[in-house]
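Close look at the chain arrangement
Letter by letter, the chains look like this.
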Amino acid sequence: MTVSLEVAEGVGTLRLDRPPMNALDIATQDRLKELAEEATRREDVRAVVVYGGEKVFAAGADIKEMQAMDHTAMVLRARALQDSFTAVARIPKPVVAAVTGYALGGGCELALCADFRIAGENAKLGQPEILLGLIPGAGGTQRLARLVGPSKAKDLIFTGRMVKAEEAREIGLVDRVVPADEVYTQAHAWAAKLAQGPALALRAAKESIDTGLETDIDTGLAIERNWFAGLFATEDRERGMRSFVAEGPGKAKFL
């Protein structure tokens, strides 16, 4: 399989495995969607790491496969391409991308679907589709602009240039830069810590932020308000407040 889902300590690792560059062909896209939906359903998966291995995250789409497609074929495929990435973005649990080596084109777009991005010092990210006479087609024009702002997104998309890890951190494309051999360990630790947290509250926080960003402030506040009040019906809220009153902050156990 080109993508696998392995679960340990409440963390599901979505692992890309299509040597040598983890090119995201149609079969890989479809498998990614299938496993992202599985991670969404599974109660033993409380946080997710997206990882391409020690050498490369994903160097982009399978260009040879795409070259053989005409306009009609891509009209029929483009929605499924986006849906496979959106399935990752909509996992209602904390998701971290562990980025080593190249994360280009579709690889960069996949990293954009995570809530947090940890990159190795050897990472290089970019949206080089313009060099093929194309634009990003798996969410890059939308998610990149929302993450780093329209001006920086246009710089990367118009030029197709790659940015190294440190510049990626400076512009907000990644959140943390670490030695390459520590990327997965640190990503798993981030996810494992959140996997111990209150699952419904984390889901509420993620949905409130992500959905609120797509709408006006009043609608966003209504989304937040409804989730906030709804959490008062949960056992985790009772446990968290009881622990706070009895023991002080940060002592609650949610598992």
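About the thresholds
- Within any chain, residue numbers begin from 1 and follow the written order of that chain's sequence.
- Note on the predicted model: pLDDT of at least 70 is required for a residue's local features to be given, and 80 or more for side-chain atom pairs to be given and counted; whole-chain, interface and lining totals, by contrast, use all residues.
- Hydrogens and water are ignored here; the side-chain numbers use all heavy atoms of the structure.
- Strands here mean DSSP runs of E at least two residues long; helices mean DSSP runs of H or I at least four residues long; both are numbered from the N terminus.
- The contact criterion used throughout is that any non-hydrogen atoms of two residues lie within 4.5 Å.
- Here, strands pair whenever DSSP counts at least two bridges between them.
- Think of each axis as a best-fit line through the C-alpha atoms, taken over the contacting stretch in the case of a helix, with angles from 0 to 180 degrees between the N-to-C directions.
- For Phe, Tyr and Trp, rings pair up if their centres lie within 6.5 Å, where Trp contributes its six-membered ring, and each pair is then called stacked (planes under 30 degrees apart), edge-to-face (over 60) or tilted (otherwise).
- Buried, partly exposed and exposed residues are distinguished by accessible area as a fraction of the type maximum, computed with a 1.4 Å probe on protein chains only: under 20%, between the cut-offs, and over 50%, respectively.
- To define a nonpolar core, start from buried Ala, Val, Leu, Ile, Met, Phe, Trp, Tyr and Cys residues and group those joined through side-chain atoms within 4.5 Å.

This brings us to the environment of R143. With respect to the element layout, R143 can be found in helix 5 (residues 140-148). In contact with R143, other than residues within four places in its own chain, are F85, T86, A89, L112, C113 and A138.

So, about the sheet that holds strand 2 (residues 11-16). The six strands are arranged 1-2-3-4-6-9 in an open sheet whose pairing can be described as mixed. Sheet topology places strand 1 (3-8) and strand 9 (176-178) at the edges, where each strand pairs with a single neighbour. Neighbouring strand axes in the sheet, compared pairwise and without regard to direction, differ in orientation by 20 degrees on average. Judged from the four bridges that link them, strand 3 (residues 47-51) and strand 4 (residues 95-99) form a sheet pairing that is parallel. Looking across to strand 4, one finds that V48 is bridged to V95.

Bringing the packing of aromatic side chains into the picture now. If you walk through the whole model with that rule in mind, you get three aromatic pairs. Seen from their ring centres, F116 and W190 are 5.1 Å apart, and the 5 degrees between their planes marks the pair as stacked. Of this pair, F116 sits in strand 6 (residues 116-120) while W190 sits in helix 8 (residues 183-195), and the two are 74 residues apart along the sequence. For F116, a relative accessible area of 17% translates into the label buried. Look at F228 and F232: their rings are 5.5 Å apart centre to centre, the planes differ by 75 degrees, and that puts the pair in the edge-to-face class. With relative accessibility at 37%, the residue F232 sits in the partly exposed group.

Right, let's get into the sheet that holds strand 5 (residues 102-104). The three strands are arranged 5-7-8 in an open sheet whose pairing can be described as mixed. A strand with exactly one partner marks an edge of an open sheet, and here the two such strands are strand 5 and strand 8 (162-164). Taken over all neighbouring pairs, the strand axes of this sheet differ in orientation by 20 degrees on average, direction set aside. Pairing of strand 7 (residues 124-126) with strand 8 involves three bridges; the strand directions are antiparallel. Residue pairing for strand 8: L125 is matched across the bridge by V163.

Core analysis: the biggest nonpolar cluster contains 45 residues, and L14, F57, L125 and L173 have the highest contact counts within it. Y51, A187, A191 and A195 belong to the second-largest nonpolar core, a separate cluster that totals 15 residues.

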